[in-house]
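Here's the letter readout for the chains.
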Amino acid sequence: MLNLTTNTPEQTIVWGKQLARFLKPGDVIALSGNLGAGKTTFVKGIAQGLGINKKQVNSPSYVLIREYKGKNIELFHCDLYRLDNVEQISFLGIEDYFDREGVLVIEWAKRAGDLLPDQYLDISIALLGEKKRGFKVKACGAKYQALINTLKIVIK
Ligand code: ADP
Ligand code: MG
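From a predicted model like this one, the values you see are computed outputs, not experimental measurements.

Below, the discussion takes up helix H5 (residues 142–154). Over its 13 residues, H5 extends 19 Å from the first C-alpha to the last, a length consistent with the 18 Å expected when each residue adds 1.5 Å. Tyr144, Leu147, Ile148 and Leu151 are the residues of H5 that are buried. Looking straight down H5, one finds its buried side chains confined to an arc of 100°; they lie on one side. Facing away from the buried side of H5, by more than 90 degrees, are the exposed residues Ala142 and Ile153. Turning to H5, the residues buried within the fold contact strand S1 (2–6), helix H1 (9–20), strand S2 (28–32), strand S6 (120–127) and strand S7 (133–140).

Dropping the structure here:
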């Protein structure tokens, strides 16, 4: 597990950019945290790190999933907020993205329940103050434990 805090939205973007440097095709990131926690802000950082124009990236709440072409890797950004059961999420076809050679980031990932893949990076964001946010990064699967070990060396 890795814990870190940010004190501004800009710091959250920087942390997303740092994470993006170590992401590989096929990686899945499951985000949780209340409305306004900073999930979408963090995804903007990941997108920037993948070389995607920052103005493009917005919450996909209405379209549920958006695809972006990065410099080397595609980003699939999905938000399950509006879906309240696993059947709807399955209908969205989220599983199809697991096999695609991109990075899949899922907001409100817990709503996907058993549909989540065997391995993924689990990041929960807590609102600790007006601008203070706490990130808890957990590995589900050995692949992501290796990623966390790398992040621990690289981030501060
Ligand atoms: P979510 O997708 O979790 O609902 P958003 O990223 O859309 O959250 O919104 C987060 C809001 O909180 C934004 O208005 C952002 O400017 C603000 N904010 C304040 N401090 C932070 C921080 N440290 N990290 C991320 N967002 C922050
Ligand atoms: Mg959001």
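Structure shown, so let's carry the discussion forward.
What follows deals with the sheet that holds S1. Here we have 7 strands laid out as an open sheet, ordered S1-S7-S6-S2-S5-S4-S3, and mixed in their pairing. Edge positions in the open sheet fall to S1 and strand S3 (65–69), since each of these has one partner strand only. In this sheet, adjacent strand axes meet at a mean angle of 20° when their direction is disregarded. Here S6 runs beside S7; their pairing, made up of 8 bridges, is antiparallel. Bridge assignment links isoleucine 125 to a residue of S7, and that residue is phenylalanine 135. Against the sheet, H1 contacts S1, S2, S6 and S7, and its axis sits at roughly 145° relative to S1.

Calculation notes
Residues numbered from 1 in each chain as written. Chains lettered and ligands numbered in written order. Predicted model: local features only at pLDDT ≥ 70, side-chain atom pairs only at ≥ 80, totals over all residues. Heavy atoms only, no water. Helix = DSSP H or I, 4+ residues; strand = E, 2+ residues; numbered from the N terminus. Expected span 1.5 Å × (residues − 1). Buried < 20%, exposed > 50% of the residue type's maximum accessible area, 1.4 Å probe, protein only. Arc of directions from axis to C-beta. Contact = heavy atoms within 4.5 Å. Pairing = 2+ DSSP bridges. Axes fitted to C-alpha atoms, helices over the stretch in contact; angles between N-to-C directions.

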